[in-house]
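Next come the chains, spelled out residue by residue.
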Amino acid sequence: MEKLQQMKESLQLYVDTNRDELHTLSRDIWSNPELAGNETHAHNRLVRFFSQEEDQAWTVQSHYKLPTAFRASWGPVGGAEGDPVLNVGFLCEYDALPGIGHACGHNLIAEAGAAAGAGLKAALQSQSELPVRVKVTVLGTPAEEAIGGKIDLIEAGAFADIDLVFMAHPAQQDASFLPCVALDEVTVKYHGKASHASAYPWEGVNALDAAVLAYNNVSVLRQQLKPEWRLHGIIKHGGVKPNIIPAYTELLFYLRTPLVEDLCDLKAKAEACFRAAAVATGCRVEISYPSHAYYNILPNDTLANLYENNGKALGIQFPEQPVNFSGSTDFGNVSFTVPGIHPFFHIGTDAFNHTEEYTEAAGAEKAQLYTLRTAKALAMTAVDVVCSPDLLMKVREDFRLIKLKHDQKAATQL
């Protein structure tokens, strides 16, 4: 117990000592917002952060499997030579939103991931004996707001040697777990025939009518959807001029369900709405799914309980968690691949994510206390698992059982 406490104090000291540098890192990313897949400045800034560590002990790989992803690794240390290595991963996100910058606080996610990874390294360096050989990896995961960078990284093998994974996301409250939902994105294109809208409209086939019907069909469908299901969208292209019957229209919808296995049912219902609009107007319809599906997050009760205990020791308060939560993240796919945790943290504002007010809060000095406290709690939770083979076994068993439960439910729906 004394060794455990020493390690936790060591990582807290590292974070406190380097708080100005960590704030500068976050503020630099916040001041230079970049959209998904184009986070060149953030990528370079984080690579520089790990490359310039005083002991130069990190092995840093820039442009790791994706143009704006990176990987920084340290170790292994502890255990006995030849023993299996426990690779503990921390994730950084750093993409922004169109028009409103870091309104989801991904600059703070990058800071927390960097601080937690470097903090765990500091804790492990202070110990000569550990029950397992441990490696620390910080993985830069771009394009969460669109594309699904973590899913591309999974498919590229970036998580193949990682045993545990940690990250935290800004929100309106602190929570060790919130039930993020599965998400799929659908693009609907209608092809009609242009004609003069006043002189001879009967010669045209109105693709805008199809888009409007599709939108209204979906609106009517919502009455019959389960309360936790979400279906929302926009008309991206509705025509070019009022006196031309639109020959082309395009819609974009997001479909969300609490569990990824329910997405198929919602997709079938939505597609029926889209196809019915095409039949009614005589248009040709194209339906495509341009991005990866985001899975719901699998909980890990052992990690969540450890995180809450460490958070409370640092002064974090965990109010009663909401029953439903409609946000989505590509971390859900990671949680089906590797045991992990994705807590949420308050940043000192009552503003909601994806607003201009939240952008300001994410760049404010006030957010630093909450962000760095969260980073400490993540690293302290990793210390608990690293130092206890029994806890590591429980974490892995939680992962096995929750995956089995999901697999069995999915099988019943085939």
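Structure first, text after, so check above.
No experiment lies behind these values; they were computed from the predicted model shown.

Chemist: Any details on the sheet that holds strand E10 (residues 284–288)? Residues and values, ideally.
Modeler: Sheet architecture is open: four strands sit in the order E8-E9-E7-E10, paired in antiparallel fashion. With one partner strand each, in any of the chains shown, strand E8 (230–237) and E10 form the two edges of the open sheet. On average, each strand axis in the sheet is inclined to that of its neighbour by 20°, with strand direction left out of account. Note: strand E7 (residues 182–191) against E10, five bridges, orientation antiparallel.

Chemist: So what's going on with the nonpolar core? Which residues, and what values?
Modeler: By size, the foremost hydrophobic cluster in this structure holds 69 residues, and its most contacted members are Phe 70, Val 88, Phe 90, Leu 124 and Phe 166. Beyond its immediate stretch of four places on either side in the chain, Val 88 contacts Leu 120, Val 134, Lys 135, Val 136, Thr 137, Leu 164, Phe 166, Ala 382 and Val 386. In terms of nonpolar packing, the next biggest core, distinct from the first, is built from 29 residues, Ala 214, Leu 251, Cys 283 and Ile 402 among them.

Chemist: Before we move on, could you go through the pairing of strand E4 (residues 133–140) and cite the residues and values that matter?
Modeler: Counting buried residues in E4 gives seven out of eight residues, a clear majority hidden from the surface. Of the strand pairs in this sheet, strand E3 (residues 85–92) and E4 are connected by eight bridges, and their pairing is parallel. Residue pairing in the sheet places Asn 87 in a bridge with Lys 135 of E4. Between E3 and its parallel partner E4, the chain crosses via helix H4 (residues 106–125), and the hand of that crossover is right-handed.

Chemist: Run through the sheet that holds E3, naming residues and quoting values.
Modeler: Ordered by their spatial adjacency, six strands build an open sheet running E1-E2-E4-E3-E5-E11, and the pairing between neighbours is mixed. For this open sheet the edge positions go to strand E1 (59–61) and strand E11 (340–341), each flanked by a neighbour on one side alone. Pairing analysis gives two bridges linking strand E5 (residues 164–166) to E11, with the strands arranged parallel. Residue pairing in the sheet places Val 165 in a bridge with Gly 340 of E11. Strands in contact with H4 are strand E2 (70–77), E3 and E4; relative to E3, the strand with the most contacts, it is inclined by about 150°.

The rules behind the values
- Residues numbered from 1 in each chain as written.
- Predicted model: local features only at pLDDT ≥ 70, side-chain atom pairs only at ≥ 80, totals over all residues.
- Heavy atoms only, no water.
- Pairing = 2+ DSSP bridges.
- Helix = DSSP H or I, 4+ residues; strand = E, 2+ residues; numbered from the N terminus.
- Axes fitted to C-alpha atoms, helices over the stretch in contact; angles between N-to-C directions.
- Core = buried A, V, L, I, M, F, W, Y, C linked by side-chain atoms within 4.5 Å.
- Buried < 20%, exposed > 50% of the residue type's maximum accessible area, 1.4 Å probe, protein only.
- Contact = heavy atoms within 4.5 Å.
- Right-handed = clockwise from strand over helix to strand, strands pointing away.

Nothing here speaks to function; it is all geometry.
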